[in-house]
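Architecture and fold: a report
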Amino acid sequence: MTTDLQDHPTIMHKYLRSHKKFPHVWCPGCGNGIILGSIIRAIDGIGWDKDDIALVSGIGCSGRMPVYVDFNTLHTTHGRALAFATGLKLANPRLNVLVVMGDGDALAIGGNHFIHAARRNINLTAIIINNNTYGMTGGQYSPTTPTNRLATTAVYGNLEQPFDVARLAEVAGAPFVARGTVFHALELDRLLQQAMLKKGFSVVEILSHCHVQYGRMNRLGSAVDMLKWQRDHTVPIHAKKEGDDRIPRGVLVDKDLPEYVEEYEKLIARLREEADGSAGGQ
Amino acid sequence: MNSSLPDSVRLLQGNEACVEGALAAGLRFYAGYPITPSTEIAEQLSARLPRVGGKFIQMEDEIASLAAVIGASLGGLKAMTATSGPGFSLMQENLGYACAAEIPCVVVDVQRAGPSTGQPTSPSQGDVMQARWGTHGDHPIIALCPSSVEETYHLTIRAFNLSERYRTPVVLLMDEVVGHMREKVVLSPDVEVLERPRPVVPPEWYFPFEDPDTDVPPLVSFGSGYRYHVTGLYHDRAGFPTLRPDEINPWFERVFRKIEESMDDIVQTTEEWMEDAEVAVISYGISARSARAAVRRARAAGQRVGFVKLNTIWPFDAQTVARVAEQVKLLVVPELNRGQLILEVERAARGQAPVRGVNRVDGEMILPDQILAALEG
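Read on for a plain summary of the structure. Note that the coordinates shown come from a computational prediction; the quantities given were computed from them, not determined experimentally. (Residues numbered from 1 in each chain as written. Chains lettered and ligands numbered in written order. Predicted model: local features only at pLDDT ≥ 70, side-chain atom pairs only at ≥ 80, totals over all residues.)

**Observations regarding helix α3 (residues 62-74) of chain B**
Residues and elements named next belong to chain B. Defined as follows: In this text, helices come from DSSP runs of H or I with a minimum length of four residues, and strands from runs of E with a minimum of two, each type numbered from the N-terminal end. To estimate how far a helix should extend, the number of its residues minus one is multiplied by 1.5 Å. Counting other C-beta atoms within 10 Å of its own, a residue is labelled buried from 20 upward, exposed at 12 or fewer, and partly exposed in the gap between, with every C-beta atom placed from the backbone.
When the terminal C-alpha atoms of α3 are compared, their 19 Å separation across 13 residues agrees well with the 18 Å that a helix rising 1.5 Å per residue should span. Burial runs high along α3: 13 of the 13 residues are buried. A positive phi of about 110 degrees marks Gly 76, the residue just after α3.

And the structure:
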């Protein structure tokens, strides 16, 4: 007996780990699965060999993503994914290194690494899943929890101001910054693909939802309701008009800057030439 | 340089000897953050590494430095960082990660007086226990401790070799005096350099955390066709997270066994004047210099005093200490702290001989006179 899947395996089956025990750890309705699908479609579109891809993560719900995909996968310590990825990329520049992080992971405990990675401009793709909370530990407020919203550590309302992830990345020097949402999954495929192909440090902020923690505490409804919020409260950057307070989506920054690893390889080549020159002159 | 001497004979600072040893051992990646009294290591490697095709990067802090080192090691390069006490404290979580994921790397800690900011330009041996237990959870660790510039050169090479052979982080515990003093070093033209075990099986047969033939499973670099998972979580033989005791316990047993069953290879202890000794002075690192001078003077004065020097402090050479404790009437342990390694000496001695510490934490060295007084007392 054959099934359609035997004759026509999906793109997902080409990239997921067949010998890994599923199910995954994510709650039903979570945006992480949709984002993983989008990452896979973006990679498949580019046509990278699985051997040449490294997926690096930190700690949290997003941190579990690498375990499911058939790449070189590295699940690091909390907040440090970009620093691990920096060493990996410098050691093997041929690898396409993707780094997936949550908002707490990338911007609180890993905030220093994030701004310095943006400033340094190493060819990494930083994917930040922003669900406004620490989901895995039970819904504490994060650096992107809006002011006055409720969290398990802000039961009277959050007194702090949130980061704007994309603006932070831009002022820190990232040459490519984009924002997408889980709702706009096909648009996200394209944004991720552009980011992956960009030479330099590229950042994609993905607005996601944690209906189980953040959504429930703030009475934002089901996963579907929160996806509709993403639809209704964001607008493509090119369609955004004066006075429109919706959150812009799309490519927000795209400029060319010298990439660190390439500059370092040039330095090595220059020093080698100088050494060869002086050796030949003797 | 004196032209009558061969190029291999050099007058070097300890930190410079560390650089020479690291490069001789095959170092090709360094990530670090400036901190006294280790900074010369970073400065020199920033100039030297690109000349040999290696990479240097100054990271935003010590946490990121060790993270980048681990990433680079997985990428296939021999990798190292260097720091001092405060930075070593920041590295502890990732040091545990390297233990758990069995990633070869070398962490140099040029110890300075502490706790906290302490005395950045003064020596200390205050990080002995931090090197052993600074990271959380049970784990094996290797830590080496040089007492001279020449030893720094050789023990740095050894640190890389042990790290690669046993797939584990190795801590090189220097101190401010060893790091900054200048002494003669003979650089070896042909150094024994070990490489990490590589798989001899195709990818579908490969398990990065279990091998039927050895307790040190081969480690293959990311990007070479063997796609696998690395995590700091408890993991199964393939690297995937597990909650199963029947997978967790064998892992723990193996990572301890790979060190404990190779004590003969890992532990380096030297003994002098021990044949007829009635008192033994046991020391390591910079304090061993004062200790040896004191023992020599005691011998010249006709006292039956012997000297035991520990080049490997972790794992601790309990076997030698136990044997010595049975022979002598007194064990004296000079160290630049309030008494750290003495706890291991007491444990190994099992009450066979009294153990007396000679300690100092004010940023000054222990002098031979202080040790001689302890022999009398």
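On we go from here.
**Considerations on the environment of Ser 283 of chain B**
Residue and element names in this part refer to chain B. As a reminder, the rule being used: Any pair of residues counts as being in contact when their C-beta atoms, constructed from backbone geometry, are within 7 Å of one another.
Residue position: Ser 283 is located in strand β12 (residues 279-283). A tally of 29 C-beta atoms within 10 Å means that Ser 283 is categorised as buried. Sequence-distant contacts of Ser 283, that is, excluding residues within four places in its chain, are made with Ala 288, Ala 291, Lys 309, Val 333, Pro 334 and Glu 335.

**A word on the environment of Pro 123 of chain B**
Residues and elements named next belong to chain B. Structurally, the position occupied by Pro 123 is in strand β6 (residues 119-123). Accessibility expressed as a C-beta count within 10 Å gives 28 for Pro 123, which makes it buried. Once residues within four sequence positions are removed from consideration, Pro 123 is found in contact with Gln 111, Arg 112, Asp 175, Glu 176, Val 177, Ile 286, Leu 336 and Met 365.

**Digging into the interface of chain A and chain B**
Heads up, the rule is: Ten residue types, Ala, Val, Leu, Ile, Met, Phe, Trp, Tyr, Cys and Pro, are classed as nonpolar, four, Asp, Glu, Lys and Arg, as charged, and the remainder, Gly among them, as polar. Any two strands with at least two DSSP bridges between them are considered paired.
At the interface, 35 residues of chain A touch 37 residues of chain B. Those elements that place two or more of their residues in the side of chain A that touches chain B are β2 (72-75), α4 (81-91), α6 (111-120) and α11 (260-281) of chain A. Its residues assigned to classes, the side of chain A that touches chain B shows 17 nonpolar, 11 polar and seven charged. The pairing of β2 of chain A with strand β10 (residues 229-231) of chain B spans three bridges and is parallel. What sits directly across from His 75 of chain A, in β10 of chain B, is Thr 231 of chain B.

**Things to note about the nonpolar core**
To keep things clear, this is the line we draw: Definition of nonpolar core: a set of buried Ala, Val, Leu, Ile, Met, Phe, Trp, Tyr and Cys residues joined via C-beta atoms within 7 Å. Segmentation of the chain into domains, including their bounds, is taken from an automatic or database domain assignment.
Residues Leu 88 and Val 99 of chain A together with Leu 331 of chain B are the most contacted members of the largest nonpolar core, which totals 180 residues. The leading source of residues in this core is α3 of chain B, at nine residues. The residues that make up this core include at least three from each of domain 1 (9-186) and domain 2 (269-376) of chain B. Look past the residues within four positions of Leu 331 of chain B in its chain and what remains in contact with it is Ala 280, Ile 282, Ala 325, Val 345, Ala 349, Ala 353 and Val 355 of chain B.

**Here's the deal with the sheet that holds strand β16 (residues 355-359) of chain B**
All names here are of chain B. Put simply, the rule reads: Helix axes are fitted only over the stretch in contact, all axes being lines through C-alpha atoms; the angle between N-to-C directions runs from 0 to 180 degrees.
Taken in spatial order, the five strands line up as β11-β13-β12-β15-β16 in an open sheet, and their pairing is mixed. Edge strands, defined here as strands with exactly one partner in the open sheet, are β11 (269-272) and β16. The mean angle between the axes of side-by-side strands here comes to 20 degrees, regardless of whether they run parallel or antiparallel.

**Describing the packing of helix α11 (residues 318-327) of chain B against helix α12 (residues 341-349) of chain B**
Residues and elements named next belong to chain B. Applied cut-off: Our angle categories are set so that under 35 degrees counts as roughly parallel, over 145 as roughly antiparallel, 65 to 115 as roughly perpendicular, and the remainder as oblique. The sense of a crossing depends on the near helix, which, turned anticlockwise from the far helix by less than a right angle, makes the crossing left-handed and, turned clockwise, makes it right-handed.
At a closest axis distance of 8 Å, the pairing of α11 and α12 adopts a crossing angle of 60 degrees. Considering their axes alone, α11 and α12 lie oblique with respect to each other. Like other packed secondary-structure pairs, α11 and α12 cross with a definite hand, here right-handed. Together, Ala 318, Val 321, Ala 322 and Ala 325 of α11 and Val 345, Ala 348 and Ala 349 of α12 make up the contact between the two elements. Classifying every residue of the contact of α11 with α12 by side-chain character gives seven nonpolar, no polar and no charged.

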